[in-house]
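Here's the letter readout for the chains.
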Amino acid sequence: MKVKTPSKLEKILASGQMAVTSECGPPRGSDPHVVTHKAEKIKNHVDAINITDNQTSMTRMCSLAACIRLKLMGLEPVLQMVTRDRNRIAIQSDILGAASFDINNILCLSGDHQSFGDCAQGQNVYDLDSMQLIQTVRHMRDEGKFLGGDPISRPPQMFVGAAENPFADPYEIRVPRLAKKIAAGVEFIQTQCIYNLDKFEDWMSKARDRGLTDQAYILAGVTPMKSAGMAKYMKNRVPGMDVPDEVVKRLAGTPKEKQAEEGIKMCIESIQRLKEVKGISGFHIMAIEWEEMVPEIVERAGLYPRPVVD
Amino acid sequence: MIVADKKPIEEIIDYVKDHQSILVLGCNECVTVCEAGGKKEVGLLASALRMHYLQQGRDVNIGERTLERQCDHEYLEEIRTSVDNYEAVVSLACGVGVQFTAEKYQNLPVYPGVNTLFMGANEMRGVWSERCQGCGQCLLAHSGGICPVSRCAKRILNGPCGGSTGGKCEISKELPCGWQLIIDRLKALGRMEDYEKISPIKNWSTERSGGPRKVVREDLKL
Amino acid sequence: MRLPYQPSIKIIRIPCTGKVDALHIMRSFEKGADGVYLVGCREGDCHFNQGNFRARARVEHLQKLLDKLGVGGQRLQMYNLSSSDGPMFALFAEEMHKRILEAGPSPVRLALQKRKQGQSAHEQAVAAA
């Protein structure tokens with residue numbers, strides 16, 4: 001696939017090498033060092049860093065500001081943008097703000113419902129959904145125009161991504177939905193974290209059958225389990241998460257002080273297996289509040305050192 | 001129909017606490033059907049208010065009347081003379097009726113007795129659920145007769161989102177995922193290829209965002 | 001069976017407790033009743049299928065309202081028995097009677113009495129003048 005933007009992530013993917021991305025959650029405050037410290041820990045082990053956008057509807061420092069911090073450090077951010085909190089004016093405006101700092105990657109999301117977070121009484125916006133946001137960014141980049149039709153001076157040059165959850169219901173439309181996002185203009189996908197590798201491989205084979213893996217880069221999402229408790233929580237309390245019983249059993253069968261170590265081991269095993277799946281272009285390692293483990297995971301999974309592109 | 005639910009009695013008592021004579025005004029349409037503001041509910045509220053004032057040792061006159069509708073001039077006219085006997089009205093009609101009554105009887109405080117919620121249907125006795133949000137640009141022809149604006153908590157037009165689990169919305173196990181319903185229906189109608197058609201960005205200017213709305217039918221105006 | 005029960009209890013016969021309107025109950029309290037209770041068929045045995053379930057739902061709803069109004073939800077009760085169970089009927093009557101004695105006179109009844117006294121005192125004053 002041709003390179004269309006100055007994005008470092010796009011260049012690595014286009015070169016055929018496995019890409020590695022990770023994520024940082026901004027603080028529930030205004031201290032920029034929280035972001036920069038997290039980024040410091042992982043910067044040499046990943047190609048780009050996602051900054052989450054008020055994840056689970058908990059009010060945090062905005063993704064855009066934190067992405068700017070990363071950019072000022074010379075790192076490659078991925079701006080996550082949810083449509084829950086902004087109308088199309090603010091969306092286009094924030095995209096231009098990001099582009100003014102040469103932030104070249106965006107992940108288009110709908111966003112968790114506000115009832116999960118700290119402002120459950122607030123309104124939600126959803127002026128656009130994630131599909132329409134993808135279309136909007138492509139329109140701004142490729143046509144160089146606002147949604148209203150006027151030309152944009154110095155259009156954004158963003159590599160457009162989206163999330164996909166192969167484990168959400170109903171399963172039968174999860175590949176059609178991927179096809180839809182690609183038709184809307186998505187260029188890379190980061191999946192929800194994978195524990196059910198069989199189901200994921202099935203999803204991938206259906207995607208390959210439709211030629212979708214030739215049209216967009218798919219980065220497999222992985223999250224190491226810290227404990228059996230975490231595994232159980234994610235299995236039972238997080239919507240759209242598929243954690244097979246064997247995963248919980250394996251952790252529960254490990255003594256408590258060794259569970260974190262076992263979780264890392266299992267994560268690395270998943271990456272090794274997923275490397276062999278045709279159509280996988282890289283990994284998105286989400287180690288929430290455990291960012292310090294990302295370098296070890298990347299190294300032990302044989303993904304270090306990271307490629308250098310100009 | 002418009003679905004409303006009774007306001008808590010303590011809230012209504014607080015509204016009318018300074019008045020000496022109160023008319024409880026019901027409506028024979030939507031609020032009767034959802035058993036929140038019809039003749040029966042007027043009777044219950046009036047009885048409750050009388051018992052409240054009796055215990056306070058206050059002699060307050062509580063009147064009861066139920067109109068066919070409170071959103072039409074001709075029915076509101078029916079209380080033109082009797083309304084002078086009261087200092088205040090508690091209207092059990094939907095928000096429309098409360099306002100229309102207030103507009104007509106400018107010098108009379110009109111308090112709402114119900115909370116108006118949504119346009120919906122009666123699933124079974126005692127259960128009403130939302131179906132329409134009045135977006136002004138009905139797209140039901142393209143979504144298998146199920147509305148993504150009113151049945152999806154995020155009103156996503158290209159759903160479902162990644163939180164749909166077991167046919168339920170991520171916000172509640174009681175809430176069916178609107179998009180699951182749409183997909184099931186498209187399957188039943190043999191129109192699954194419609195699923196991959198991308199729904200374009202919606203024009204929201206005909207819904208609330210565009211400002212208070214009006215329909216004018218020149219062919220009906222005298 | 002001619003089992004005795006309190007003379008203060010007035011019986012109103014209805015074909016089914018499901019026929020009892022919430023408004024009947026509210027008006028009874030409004031007119032000064034100290035207590036109201038419904039006696040219906042055993043749950044599952046309603047002669048008209050669901051009547052006693054509807055009655056119970058109404059009773060529970062009104063108990064909350066009566067509590068809010070300061071009248072006292074405990075003054076309203078629902079009992080279930082088989083139609084031939086005379087002893088049970090007498091037992092419920094006794095239980096309800098005890099409950100109302102404990103609760104005391106209904107505040108609404110007291111207010112009505114007070115108002116009546118106030119009115120007759122007023123009338124006397126007017127007559128004397």
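Refer to the structure above for everything that follows.
A brief report on the enclosed structure follows. (Residues numbered from 1 in each chain as written. Chains lettered and ligands numbered in written order. Predicted model: local features only at pLDDT ≥ 70, side-chain atom pairs only at ≥ 80, totals over all residues.)

## Focus: the overall build of chain C
Basically, it comes down to this: The secondary structure listing takes helices from DSSP runs of H or I that are at least 4 residues long and strands from runs of E that are at least 2 residues long, numbered from the N terminus. As defined in this context, the radius of gyration uses C-alpha atoms, and a globule is described by 2.2 Å times the residue total to the power 0.38. Once C-beta atoms are placed from the backbone, any two residues with those atoms within 7 Å are in contact.
Helix and strand counts for chain C stand at four helices and two strands. Order of helices (α) and strands (β) in chain C, N terminus to C terminus: α-β-α-β-α-α. For a compact globule of 129 residues, the expected C-alpha radius of gyration is about 14 Å, and chain C comes in at 18 Å, more than 25% above that figure. The long-range fraction of contacts in chain C, counting pairs at least 24 apart against all pairs at least 6 apart in sequence, stands at 71%.

## Considering the packing of helix α5 (residues 130-143) of chain A against helix α6 (residues 174-184) of chain A
Residues and elements named next belong to chain A. We apply this condition: Here, axes are lines fitted to C-alpha atoms. For helices the fit covers the stretch in contact, and angles between N-to-C directions go from 0 to 180 degrees. By the definition adopted for this analysis, an angle is roughly parallel if under 35 degrees, roughly antiparallel if over 145, roughly perpendicular if from 65 to 115, and oblique otherwise. A crossing counts as left-handed when the near helix is turned anticlockwise from the far one by less than a right angle, and as right-handed when that turn is clockwise. Each residue is assigned to one of three groups, with Ala, Val, Leu, Ile, Met, Phe, Trp, Tyr, Cys and Pro labelled nonpolar, Asp, Glu, Lys and Arg labelled charged, and all others, Gly among them, labelled polar.
Contact pair α5 / α6: the axes reach a minimum separation of 8 Å and the direction vectors enclose 25°. Regarding the angle of α5 to α6, the classification is roughly parallel. You can see that α5 and α6 cross each other, and the crossing is right-handed. Along the contact surface, α5 presents Met131, Ile134 and Gln135, while α6 presents Lys180, Lys181 and Ala184. Counted by class, the contact of α5 with α6 contains three nonpolar, one polar and two charged residues.

## Re the interface of chain B and chain C
The partner chain C presents 16 residues to the 13 residues of chain B that form the contact. Listed by contribution, the elements that provide at least two residues to the side of chain B that touches chain C are α1 (9-16) and α3 (39-56) of chain B. The leading source of residues in the side of chain B that touches chain C is α3 of chain B, at ten residues. In terms of residue class, the side of chain B that touches chain C is made up of five nonpolar, five polar and three charged.

## Side note on the sheet that holds strand β7 (residues 127-132) of chain B
Strand pairing in a sheet relies on backbone hydrogen bonds. The paired strands run either parallel or antiparallel. Residue and element names in this part refer to chain B. Which entries qualify depends on this criterion: Note: two strands are recorded as paired if DSSP finds a minimum of 2 bridges between them.
The strand order β1-β6-β7 describes an open sheet built from three strands, whose pairing is antiparallel. Both edges of this open sheet fall to β1 (2-6) and β7, since each of them pairs with a single strand only. Neighbour-to-neighbour, the strand axes of this sheet turn through a mean angle of 70°, independent of strand direction. Taken together, the five bridges between β1 and strand β6 (residues 114-124) define a ladder with antiparallel strand orientation. Bridge pairing in β6 links Ala4 to Thr116.

## A look at the sheet that holds strand β5 (residues 110-112) of chain B
All names here are of chain B. An order of β3-β2-β4-β5 is seen for the four strands of this open sheet, with the pairing classed as parallel. Edge strands, defined here as strands with exactly one partner in the open sheet, are β3 (61-67) and β5. Strand-to-strand, the axes of this sheet are offset by a mean angle of 25°, without reference to chain direction. The sheet contacts of α1 involve β2 (21-27), β4 (88-91) and β5, and relative to β4 the element is tilted by about 160°. Against the sheet, α3 contacts β2 and β3, and its axis sits at roughly 175° relative to β3.

Geometry only, nothing functional implied.
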